[in-house]
Amino acid sequence: FSICFASYHNGIYRFIYSTCSLNYLYSINIKLECMRELKNHPSADQLDSYDKYPCYYGDDLELVYTPKQSVFTLWAPSAGNVRLNLYSSGEGGKPEEQIEMEMADDGVWRTRVNRDLKGSFYTFQIEKDGKWLDETPGIWAKAVGINGNRAAVIDWNATNPEGWESDRAPELKMYSDIILYELHHRDFSIDPDSGIEYKGKFLALTEPGTQTPDGQSTGIDHLKELGVTHIHILPSFDFSTIDETSLEENSYNWGYDPKNYNVPDGSYSTDPANPVARIREFKEMVKSLHEKGFRIVLDVVYNHTASTEHSNFNLTVPGYFYRHNSDGSYSNASGCGNETASEREMVRRYIIESVKFWAKEYHIDGFRFDLMGIHDIETMNRLREELLKIDPTIFIYGEGWAAADSPLPFEQRAVKENVGQMEGIAVFNDEFRDGLKGSTFDEQEPGYASGNINGHFEPVKYGIVGGTRHPQVDYDGLLYCDGPYAGAPSQMVNFVSCHDGYTLVDKLQLSVQGEHAEEELPAIDKLIHTVLLTSQGIPFIRSGEEIMQDKQGEPNSYKSSDSVNRIDWVLKAQNRDIFDYIRGLIALRKAHPAFRIPTVEGLEQWLHFLDTGDSGIIAYTLGEYANGDMWKEILVAYNGNRNEAGIHLPEQDWIVVCKDGQINLDSQEHLPGGDVSIAASSALILYRN
């Protein structure tokens, strides 16, 4: 007795032949291709639901290379057929060979080439619904040719600079010790007066001893002089908008338009056509920063892709990697045309494995997530767990919001309001930003530090306590939220400007009005940085902020020219007083753990706000011996008025550290307390033993 069953799926006829004694499964492809068992591959009806796609957890996706063979593996569960195209160069020409890949388990396709392919380039191509899609280097590509259109076969040993195996990040005891500094590769070094040879390149951060014509240190020496701990570099993966074959055109972009997530961008290398060069030079940059005492944070953009229909995601598994609206259209919480669906298992796995790759292969010490609110909480928590296994000091933070609404339910989003569910992950503090300098959404509105003392007290105090719960903060007075959301001060990144929006100077020039406004700006700038660098939580500085760099009033310079975006290093000499003041604040913060209290309980114990009435002054004490500080008690007072204001201080023998816009950690000036005047737009920092 026998029965033959036949089924058809994606161009493949499958015949199941049954006898009374034995059951055999035969998979017969009419193209004479060898196929695997049916049970691992969903039916056409199942494929209508992305959640029913099989998942693959092997560590061999994309390419496993040895001189004897290369094994190519692609996860493409909805493909009817897949082929591998081999090329001799990174651009131009036709494939030297096309190889039909074979379906394996869990939605993957695989083929093996038994010869040494080092130096070759390749793409994948899938057939979907009878149509061959465009070529793609694959979503897991880790080396690519020029413009990232073809993946490359390389010897990874050739990418390591000398001493790479012994490269180590400097010690980090607690997250609260972090001081972040955000920079863009091109901005930081492209100025003709930077004294840097490798302008606009990864290697710019490997050059010691660079100076301006008037002898001011630039580049990595400038960072060392300033004293920050972590260098946050804007997106450095392979992004779309810069044509690497025409770099002489000096095109500019921030890099928030992802193309290949696991490869350094070629425009920042000295040879974009050489797949090894960009990798080795990125590693040289990392090693150089580590040797100088810095940790490195990579700005990552997993929330969207630059292209949608022709992205590597859609050319591999159409539709799967993106969220969709109920009508089937792409949802757009990124404001860039699409948003990724991190809650799907293989999208989640992709994000986690990609970040782990940067941490392990490139020795990255932290990750800043663009529009982190688009991702789901579970993905971020799983990511954190995986990074803890690699290095428990890796720091994760992100924008705790999205650019628009999303189909992902609010309670699942990794937004600032939900950061209490994401232990060890931090978010930016927009309450502090807008309370201190004025609204981001109203360019002419001043903030507390520029004279708008009414209604901005509580947002500033909220930043002072690191976004945590404190009995002396009135949370009804906040701008955007109705309560604290950080479980620890280290979950809150305080900032006043970043690459987005106006620079601090541009904002102040627009919002500070009056006959003497221009001459008041340096004092207001100093006050803002005093509040920033003496508040609990983690301070964040945008590059150029320390020398009062502006962007000529441009609020969105993501593709503006170098003349708008570059650091004008001449400003360092012109605004040396500002630089030295901020450098002094950083030294104060690093020397005194009272400004780096790691817990909510510690803040409640040691930080106490003083009653200053309606004076416009915010004042508080830190003590006794807060967080193990050598000073018994510290008193900090900020005068947000654009005129002198008075405060009554406890009558003790105070030593003055900061007064009238000057800071001196070794000061011997004494103040007895009582009624004291504080200069307009300035701070007073005292201590007693």
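Right above here is the structure, for reference.
Rules used in this analysis
Residues numbered from 1 in each chain as written. Predicted model: local features only at pLDDT ≥ 70, side-chain atom pairs only at ≥ 80, totals over all residues. Heavy atoms only, no water. Helix = DSSP H or I, 4+ residues; strand = E, 2+ residues; numbered from the N terminus. Core = buried A, V, L, I, M, F, W, Y, C linked by side-chain atoms within 4.5 Å. Buried < 20%, exposed > 50% of the residue type's maximum accessible area, 1.4 Å probe, protein only. Pairing = 2+ DSSP bridges. Right-handed = clockwise from strand over helix to strand, strands pointing away. Expected span 1.5 Å × (residues − 1). Phe/Tyr/Trp six-rings, centres within 6.5 Å; stacked < 30°, edge-to-face > 60°. Lys NZ or Arg CZ within 6 Å of the ring centre and 35° of its normal. Patch = residues over 30% accessible without salt bridge, like charges linked within 9 Å, V, L, I, M, F, W, Y side chains within 5 Å. Areas by Shrake-Rupley, 256 points an atom, 1.4 Å probe, with all protein chains shown as cover. Salt bridge = Lys/Arg side-chain N within 4 Å of Asp/Glu carboxyl O. Axes fitted to C-alpha atoms, helices over the stretch in contact; angles between N-to-C directions. Parallel < 35°, antiparallel > 145°, perpendicular 65-115°, else oblique. Contact = heavy atoms within 4.5 Å.

Participant: How would you sum up unusual backbone geometry? Please name residues and give values.
Facilitator: Trans is the common state for peptide bonds, and a negative phi is the common state for residues other than glycine. Here G623 and E624 are connected by a cis peptide whose omega angle stands at 0°. Take E624: it is sitting in the loop between strand 24 (617-623) and strand 25 (633-639). At E62, a residue that is not glycine, the phi angle is positive and equals roughly 80°. With respect to the helices and strands, the residue E62 is situated in strand 4 (residues 62-65).

Participant: Can you lay out the nonpolar core for me, pointing to particular residues and giving the numbers?
Facilitator: Grouped together as the largest cluster of nonpolar side chains are 143 residues, with contacts concentrated most on W75, F282, F321, F367, F369 and Y638. Of the residues forming this core, the biggest block, nine residues, is contributed by helix 4 (residues 345-361). In this structure, F72, A79, Y122 and L315 belong to the second largest nonpolar core, which totals 23 residues.

Participant: If you had to explain the pairing of strand 17 (residues 295-300) to someone new, which residues and values would you point to?
Facilitator: Burial runs high along strand 17: six of the six residues are buried. What you see with strand 17 is no split at all: R295, V297 and D299 on one side and I296, L298 and V300 on the other are buried throughout. With four bridges joining them, strand 14 (residues 230-233) and strand 17 adopt parallel strand pairing. Note on strand 17: the bridge partner recorded for H232 is V297. For strand 17 and strand 18 (residues 366-369), the ladder comprises four bridges, and the chain directions are parallel. Bridging across to strand 18, V297 finds its partner in G366. Between the parallel elements strand 17 and strand 18, the chain passes through helix 4 in a crossover that is right-handed.

Participant: Residues and numbers for helix 4, please.
Facilitator: Relative to the 24 Å expected for 17 residues at 1.5 Å per residue, helix 4 spans 24 Å between its end C-alpha atoms, a close match to the ideal helical length. Where helix 4 terminates, the next one or two residues include H363, which has phi positive at roughly 60°.

Participant: Explain the packing of aromatic side chains to me, and be specific about the residues and the numbers.
Facilitator: Where two aromatic rings form a pair, the distance of their centres and the angle of their planes describe that pair. In total, this model carries 46 aromatic pairs according to the counting rule given. An angle of 85° between the planes, with centres 5.6 Å apart, marks the rings of Y448 and F457 as edge-to-face. Residue placement shows K461 over the ring face of F609; its charged tip is 4.8 Å from the ring centre. Directly above the aromatic system of Y475 lies the positively charged group of R469, at a separation of 5.7 Å from the ring centroid.

Participant: Mind laying out a nonpolar patch on the surface, listing which residues take part and the relevant values?
Facilitator: Among the surface-exposed residues, F441, L479 and Y480 lie close enough to one another that they form a single nonpolar patch of about 320 Å² accessible area. Structurally, Y480 can be placed in the loop between helix 7 (457-464) and strand 21 (492-494). Owing to a relative accessible area of 34%, Y480 belongs among the partly exposed residues under this scheme.

Participant: Describe the packing of helix 2 (residues 219-226) against helix 12 (residues 576-591), with residues and values.
Facilitator: Packing of helix 2 against helix 12 brings their axes to within 9 Å, and their N-to-C directions diverge by 55°. Regarding the angle of helix 2 to helix 12, the classification is oblique. On helix 12, the residues touching H222, E225 and L226 of helix 2 are R576, F579, I582, R583 and I586.

So yeah, pure geometry; function would need other evidence.
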